[in-house]
Each structure stands twice: as structure tokens, then as C-alpha cells.
Amino acid sequence: MANFQKLTPRSEDYSKWYNELVVKADLAEQSAVRGCMVIKPYGYAIWETIQQELDRRFKQQGVKNAYFPLLIPKSFLSREAEHVEGFAKECAVVTHHRLMNDPNGKGVVVDPNARLEEELIIRPTSETIIWSTYKNWISSYRDLPILCNQWCNVMRWEMRTRLFLRTAEFLWQEGHTAHATKEEAEEFAQRMLNVYADFAENVMAIPVIKGVKSPNERFAGALNTYCIEAMMQDGKALQAGTSHFLGQNFAKSFDVQFLSKENKYEYVWATSWGVSTRLMGALIMTHSDDNGLVLPPALAPIQVVIVPIFKKQEDLDVLMTRIQPLADKLATMGIRVKVDTSEKATPGFKFADYELKGVPVRLAMGGRDFENNTIEIARRDTLTKETISLDGIEEKIKALLDEIQQNCHRKALDYRIANTRECNSYEEFKEEIKKGGFLLCHWDGTPETEELIKNETKATIRCIPMEALPGYKEEPGVCMVTGKPSAKRVVFAIAY
RNA sequence: CGGGAAGUAGUUCAGCCCGGUAGAAUAUCUGGUUUGGGACCAGGGGGUCGCAGGUUCGAAUCCUGUCUUCCCGACCA
């Protein structure tokens, strides 16, 4: 089974705690290739649930799944100047197509005669290959809109990597849409942001701020980038999803025009939007504690685990006459339930292990419970437990799962609120930002000012909120650095 | 990519300074006793010491290169 060593407490070393948790909770591990991770079955089960929930929501918006190739001709990337600038430094390049036996007899080497005429780039994102394809799909306004999404892997050659948070290869979905009008594209980019926000809040139980990125933080090639920003337990910000209004940049670069109702050629309007396995990092750093992972029930691969406590096989057989019907009933109610009858570990070990894995509800039944028609029920989010009657237990469990889902969200929201405050002077800002959290400040809207603040404090504008945060009003003011006018406060934080 | 640290059994680590052919804990396997918060006893198996060169009669140990991980920095839609 798992290891016995306790996790490093969060208060001692937050990133060490994170690294240990990811490995010990069996979510992922390092691979032989630098910066690339192996996502283990338990971690992948969570990702699959994320995928299912999002995929359903995308399809409700009329989006269809497709698949575009991993490799992109090098020339495509240079078609959009800003775009290539954003990614050029972190692209993996395929230069050859054949290996051969080493003439010196030491395994295989790259065949120097197999150099590619045009080098291929492993996709860092797929805008270019998709727009070169959309060109062939679009000729009339009747062909629009095109709403496609793909679930795939991408590669960005990151210098410093961390499991889930920043890996060289990661899994994500990227949606790419083409529209006839600017308004429709803008609206769609925002609509997908709302899909992400709804998903984050209600499924992942992560409170997020919906906002617009400042020019410095905008996606390369976009006219506007929308985002959802979340606060982690260490007070740092993590971008949980983005949606871009790409204008006509890619349509012009790839010459994608359509004939309008008025019989005129026009360039199409584009959006793209994505979330990645980084969400796994957000999930971990929002809810988990020093005992291990804490999963909101909606994403837990096992929502309820039942641990029989027994001495002999006969005792187990007796207990199972009550446990099995309960497990069956829960399963028919759509609850993901596991009964752990293994004799490999003692109950105490199992308790600790399921806590490490973040199972929301744990039931334990021993001989005493059997006599009394009771069961011990423990919840992961509060680490509390009580012994209750078996009568009506199924409905209580269902209600408890809902309650845990709510509580995970409420705790995370309380934390964010407690660590969000206004800040009016730059002197104060420099001190406050060291404590972490979100600082709501006035900013003059210039990249220069943002750059200055970043260089001096490492803090960046996480977003310009689209709506006032709970408890705050949108009011004009003056920039904390330059004193120039500011329409409203923006969110500053140190970011992952 | 720059600075620092590290890589030895599945895992955590000792051994390295001062070269002589590898050890602990834990996990794993077997048998038994156990089981309401990380059980105990006994026995067994498991490592080309990250990889590649070099020095040497002999290298986990010394030298060179390289790969990977962690921390700090730069970078990061």
C-alpha cells in the first residue's frame, strides 16, 4: 500500500506539500522525460470527470468535437507575427523522420539522410493548423458559425516544471470558433467563459473571478482575453481557464473569407478557449489539507468508501449482509461507492489512506454497529465523524455529499474573501503584496505601469473584473502609481 | 537558460572525505497471531550504486561529460 510518512505540513513548505501530495495521493509522477508526467489511474479518473462535465456543457452550446494533427508545419506558425512571438521560445521541433542502427554498434542514431524538407512543430496550441483548415471549410455565411473543440495534448518547452501546474506536455481542450460578425464572436468568447466559471464553481467548488486580461497578459494574437482567476491556499493566483476573442487576426493571416448575404467578401471572426490539466493543480491547492487530498464529491472517483471492521471471515460475511445491500442501493442512486474488504491493511491504515486520497465520505461498520443497527460516518472536508442509525442512511449520505460539495466551495470562498483587500497607495501595496492574496487597486491602464509594478514586486494584474466582487463596489479613482484616472479597481496578485 | 543541492533496494536514506566489490528502516513475499485511527513475531527475495567515459591491480567512493529531480533567479497565452 502507500507510504507511511506524513505529508510535509502546508505551513512548513507549501510547494513541498504540493509535490508530495500529488505523488502520494497517486495522482501523477515524474516520467523519464524531463518535464513530462505520468498521470496515474486515480488522477486520470478525476481528469476524466472534468472532461465529461465540460464536454457536456460544450455540447449544450452547440460545440462539436474534432481532431487536428499534433504536428504543425513551421511556416504556419510564422503567419501571425504576434502569435509566433508568444510561442517561438518554447516549441519542440521535429527535424528528421528516420532512425538507423548506429554504425558503431551503439543502439540507434538519427539518420542524417532523413532530414525533413520542412520542419514540423509539435503543437503548442492549434490556431494555425485549424485556421489553415477552416479556410477550406468556409465559403459562405451559410457555413458559419463553426464551433469545434478538440481534446488533445500540447507541448511547451518549459524551463521550470511542476506536476500539473506547468509541464512540458499537458492535456487540455481547445475550442476554436469562426463567426460571421464581430458581435457574435465577442459574445461567444464570453459565453464560453461563463461555461468555465459555472463549471469551476459548481463542479470543482472553486470560486473564480471572471475578468479581462490586461494587454501584457493577453494571449499572443488575441484582441481580448477573458479569464477565470482563482486563489490558492498560499495566497497566489492561478488562472483556471481562458477564452480569447481573436478578432480577424487569424482569418487575415490564413485568408479565411466568406461571402456575406450582401454578396461581399468578409474575413471571419474568431474565438479560442481552453482549460488544461492545470485544473488538477487548482483543485489540489484549493481544497486539500495536511492529511492529503480533499475532493469535492462531484469530482471524486470514489465518493463513498465503506470499510468493514472484522476479525474473521465469518464476521465479514455477517457484516456484508448489511453492507452489500447498502452499497448496491447507493450505486443505484448514482453514487460512486467502494467497499474495501481487503485484508491487506488494518482499518486504521485504510482510514488514513482514503483521507490521503480525498474520498469525501467514509463509512465504517464493525460488530458493535451491526448489533446496534448503526454505522460510523466520517466526512473528509471537516474530518469529523459520528455514529448514526442505518435507517434512512442512503438519503442522509446523498444529502451529506451535497453538503460537502457546498462546504468545499464555501470554505474556498471564505478564504478568498479573507485574503482580498483594497489597496490605495503604492507604498502600502509593496508591503501588502508580500502577504499574498488579491489586492484591488486602481491602475491607469498602461502596460508601462503594470510592467513597473511587476518588476518591483513580482505582482501582475490577474484580471480586470467583469463584475464587482462580492462586498465591493465599482468606483472610479486614481492609479496608485501614477495618480492618473482609473475607471475601476483591478486584481493584483503573485501568480503561478 | 544562470546559481545552488541531490540521484545508492518499490520508498526514505546511510556509506563517499580517507578506493578493496553495498547496508538500515519501511514496503514486498511466506507462515502465524491480529484488525473500532497508519498491528506484531519469525523467515525469505530484491540494487550492473542515474547513464557514459576516464584514472587505478581494483571505483558507489576520485576525475570528465551527460541526463533527471528539487530550490532560487530569468522565462512562462
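Quick caveat, the model's predicted, so the values are computed rather than measured.

Here's the deal with the sheet that holds strand β18 (residues 337-339)
Move 1: The strand order across the open sheet built from five strands is β18-β17-β19-β20-β21, with neighbouring strands paired in mixed fashion. The open sheet has two edge strands with one neighbour each: β18 and β21 (384-389). Averaged over neighbouring strand pairs, the angle between their axes works out to 20° when direction is ignored.
Move 2: The strands touched by helix α9 (residues 313-332) are β17 (304-308), β18, β19 (361-365) and β20 (374-379); relative to β17, the strand with the most contacts, the crossing angle is about 170°.

Looking at the layout of surface pockets
Move 1: Its volume calculated, the largest pocket comes out at about 1,800 Å³.
Move 2: Taken together, 49 residues make up the lining of the largest pocket; nearest its centre are E158, R166, Q239, R278 and Y496.
Move 3: Considering only residue class, the lining of the largest pocket consists of 15 nonpolar, 16 polar and 18 charged.

A short note on the protein's contact with RNA strand B
Move 1: The environment of RNA strand B is made up of 41 residues, and the closest members are R156, R160, R166, R218 and F219.
Move 2: The sugar-phosphate portion of RNA strand B accounts for 45% of its atoms within 4 Å of the protein, the bases making up the rest.
Move 3: Separating a phosphate oxygen of RNA strand B from a side-chain N or O atom of R160 is a distance of 2.2 Å.
Move 4: A distance of 2.5 Å is found between a base oxygen of RNA strand B and a side-chain nitrogen or oxygen belonging to R362.
Move 5: The set of elements that each furnish at least two residues to the surface near RNA strand B consists of α1 (14-24), α10 (347-357), β19 and α11 (367-372).
Move 6: Sorting elements by how many residues they give to the surface near RNA strand B places α10 first, with seven residues.
Move 7: Of the residues belonging to the surface near RNA strand B, the class tally is 14 nonpolar, eleven polar and 16 charged.

Some remarks on the domain arrangement of chain A
Move 1: In terms of domains, chain A is made up of domain 1 (14-71 + 132-287), domain 2 (297-415) and domain 3 (420-493).
Move 2: Computed from C-alpha atoms alone, the centre-to-centre distance between domain 1 and domain 3 is 26 Å.
Move 3: Taken together, the 19 residues of domain 1 in the interface contact 19 residues of domain 3.
Move 4: Overall, the association of domain 1 and domain 3 removes approximately 1,500 Å² of surface from exposure, summing both partners, and the carbon and sulfur fraction of that is 63%.
Move 5: Contact with domain 3 buries area across many residues of domain 1, yet I209, N216 and M231 alone supply 32% of it, more than any other trio.
Move 6: For the pair domain 1 and domain 3, the number of links is two salt bridges.

Brief notes about the nonpolar core
Move 1: Core analysis: the largest hydrophobic core is formed by 81 residues, its most contacted members being I50, F164, F429 and F492.
Move 2: In terms of residue count, helix α6 (residues 182-202) provides more of this core than any other element does, ten residues in total.
Move 3: Apart from the residues lying within four places of it in its own chain, the contact partners of I50 are F199, M204, L279, M280 and L299.
Move 4: If you look at the next biggest cluster of nonpolar residues, it comprises 28 residues, including V294, I306, L363 and I404.

Considerations on empty space enclosed by the protein
Move 1: Under the definition given, this model contains two cavities of 30 Å³ or more.
Move 2: Roughly 130 Å³ of internal volume is contained in the largest cavity.
Move 3: Every residue along the wall of the largest cavity is listed here: E422, L440, P465, E467, A468, L469, Y472, K473, E474, E475, K488 and R489.
Move 4: Residue classes in the lining of the largest cavity are distributed as five nonpolar, no polar and seven charged.
Move 5: In this model, the second largest cavity occupies a volume close to 40 Å³.
Move 6: Here the residues of the lining of the second largest cavity are counted per class, giving four nonpolar, one polar and one charged.

Some points on helix α2 (residues 41-60)
Move 1: With 20 residues, α2 should reach 28 Å at 1.5 Å per residue; the first-to-last C-alpha distance of 28 Å fits that figure.
Move 2: Along α2, the residues that are buried comprise Y42, G43, A45, I46, W47, T49, I50, Q51, L54, D55, R57 and F58.
Move 3: G62, located one to two residues past α2, shows a positive phi value of around 90°.

Thresholds applied
Residues numbered from 1 in each chain as written. Chains lettered and ligands numbered in written order. Predicted model: local features only at pLDDT ≥ 70, side-chain atom pairs only at ≥ 80, totals over all residues. Heavy atoms only, no water. Pairing = 2+ DSSP bridges. Helix = DSSP H or I, 4+ residues; strand = E, 2+ residues; numbered from the N terminus. Axes fitted to C-alpha atoms, helices over the stretch in contact; angles between N-to-C directions. Contact = heavy atoms within 4.5 Å. 1 Å grid on protein atoms, 1.4 Å probe; cavity = no way out; pocket = protein on both sides within 12 Å on 5 of 7 lines; lining within 4 Å. Points joined across faces, edges and corners; volume = space filled by probe spheres on them. Nonpolar A, V, L, I, M, F, W, Y, C, P; charged D, E, K, R; others polar. Near = heavy atom within 4 Å. Polar contact = N/O pair within 3.5 Å; in protein donor to acceptor, adjacent residues only side chain to side chain. Domains from an automatic or database assignment. Buried area = accessible area lost by both parts, 1.4 Å probe. Salt bridge = Lys/Arg side-chain N within 4 Å of Asp/Glu carboxyl O. Core = buried A, V, L, I, M, F, W, Y, C linked by side-chain atoms within 4.5 Å. Buried < 20%, exposed > 50% of the residue type's maximum accessible area, 1.4 Å probe, protein only. Expected span 1.5 Å × (residues − 1).

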